[in-house]
Amino acid sequence: QMLATWLTKQPGIVRVHYAGLTDSPYHELAKRQQSAFGGVLSFEVCDSEGNADRQAAWRFIDATRLVSITANLGDAKTTITHPASTTHGRVEAQEKIRAGITENLIRVAVGLEALQDLQADLSRGISALGYGV
């Protein structure tokens with residue numbers, strides 16, 4: 001929850017997808033069905049030149065050091081992935097669009113690290129997009 005909220009305030013983060021955010025279209029449903037909102041979130045990035053594409057997403061991911069790049073999202077360690085080229089790499093373009101899998105989408109499964117350490121690591125990604133953090 002805290003990481004998702006923090007991300008909404010960062011430059012270069014276009015949209016955060018997390019049912020725990022009150023502006024999520026799934027917030028009320030999740031409140032009724034769950035006792036908490038979980039540790040998986042996703043967000044879309046855009047570099048300082050306005051590019052919201054796969055290259056921007058990979059610049060962000062490649063700049064992180066603490067989180068592990070993976071297609072598997074279940075671990076005690078925080079993981080990060082690019083769904084369009086990993087978990088949804090074989091999905092047809094129209095299906096990706098319907099599912100909201102954009103080229104600039106990044107998914108994170110939050111592990112047990114300290115919030116400040118995760119924020120510092122994701123700030124490296126934001127800096128790689130051309131934003132001073």
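First, a word on scope: everything that follows refers to the structure included in this document. Given the structure is predicted, the values throughout are model-derived calculations rather than measurements.

### So, helix α3 (residues 54-63)
Turning to α3, its buried residues number three or more, namely A56, A57, F60, I61 and A63. Next to the buried residues of α3 lie β1 (13-17), β2 (40-45), β3 (68-69), β4 (79-81), β5 (105-109) and α5 (115-128).

### A look at the packing of aromatic side chains
Going through the model one piece at a time under the given rule, you end up with 2 aromatic pairs. On the numbers, 6.4 Å between centres and 65° between planes, the contact of Y18 with F37 is edge-to-face. Taken together, the positions of Y18 in the loop between β1 and α2 (27-33) and F37 in the loop between α2 and β2 put the pair 19 residues apart, joining distant regions of the chain. In this structure Y18 comes out as buried when scored by relative accessible area, which is 5%. For the ring pair F43 and F60, a centre distance of 5.3 Å and an interplane angle of 65° mean the geometry is edge-to-face.

### Digging into the sheet that holds β2
One open sheet holds the 5 strands; their spatial order is β1-β2-β5-β4-β3, and the pairing between them is mixed. Of all strands in the sheet, those with a lone pairing partner are β1 and β3, marking the two edges. When β3 meets β4, the two strands line up parallel, connected through 2 bridges. Following the sheet pairing, I69 is matched in β4 by I80. Lying over the sheet, α3 contacts β1, β2, β3, β4 and β5, oriented at roughly 125° with respect to β2.

### Remarks on the nonpolar core
Membership of the largest hydrophobic core comes to 23 residues, with the highest contact counts inside it found for L7, F43, V45, F60 and I106. Contributions of two or more residues to this core are made by α1 (2-7), β1, β2, α3, β5 and α5. The contact partners of L7, leaving out residues within four places of it in the chain, are I13, V16, L41, F43 and L122.

### Topic: the side chain of D121
By the secondary structure assignment, D121 is in helix α5. In this structure the side chain of D121 is engaged in a polar contact, spanning 2.5 Å, whose partner is the backbone nitrogen of R65. Only 2.9 Å separates the side chain of D121 from the backbone nitrogen of V67, close enough to count as a polar contact. Look past the residues within four positions of D121 in its chain and what remains in contact with it is T64, R65, L66 and V67.

### Quick word on the pairing of β2
The side chains of a regular strand alternate between both faces of the sheet. For β2, the buried fraction is high: 5 of the 6 residues fall into the buried class. Relative to β2, β1 runs antiparallel, the two being bridged by 4 bridges. Residue pairing for β2: V16 is matched across the bridge by F43. Where β2 meets β5, 5 bridges bridge the pair, whose relative direction is antiparallel.

Reading the values: rules and limits
Residues numbered from 1 in each chain as written. Predicted model: local features only at pLDDT ≥ 70, side-chain atom pairs only at ≥ 80, totals over all residues. Heavy atoms only, no water. Buried < 20%, exposed > 50% of the residue type's maximum accessible area, 1.4 Å probe, protein only. Helix = DSSP H or I, 4+ residues; strand = E, 2+ residues; numbered from the N terminus. Contact = heavy atoms within 4.5 Å. Phe/Tyr/Trp six-rings, centres within 6.5 Å; stacked < 30°, edge-to-face > 60°. Pairing = 2+ DSSP bridges. Axes fitted to C-alpha atoms, helices over the stretch in contact; angles between N-to-C directions. Core = buried A, V, L, I, M, F, W, Y, C linked by side-chain atoms within 4.5 Å. Polar contact = N/O pair within 3.5 Å; in protein donor to acceptor, adjacent residues only side chain to side chain.

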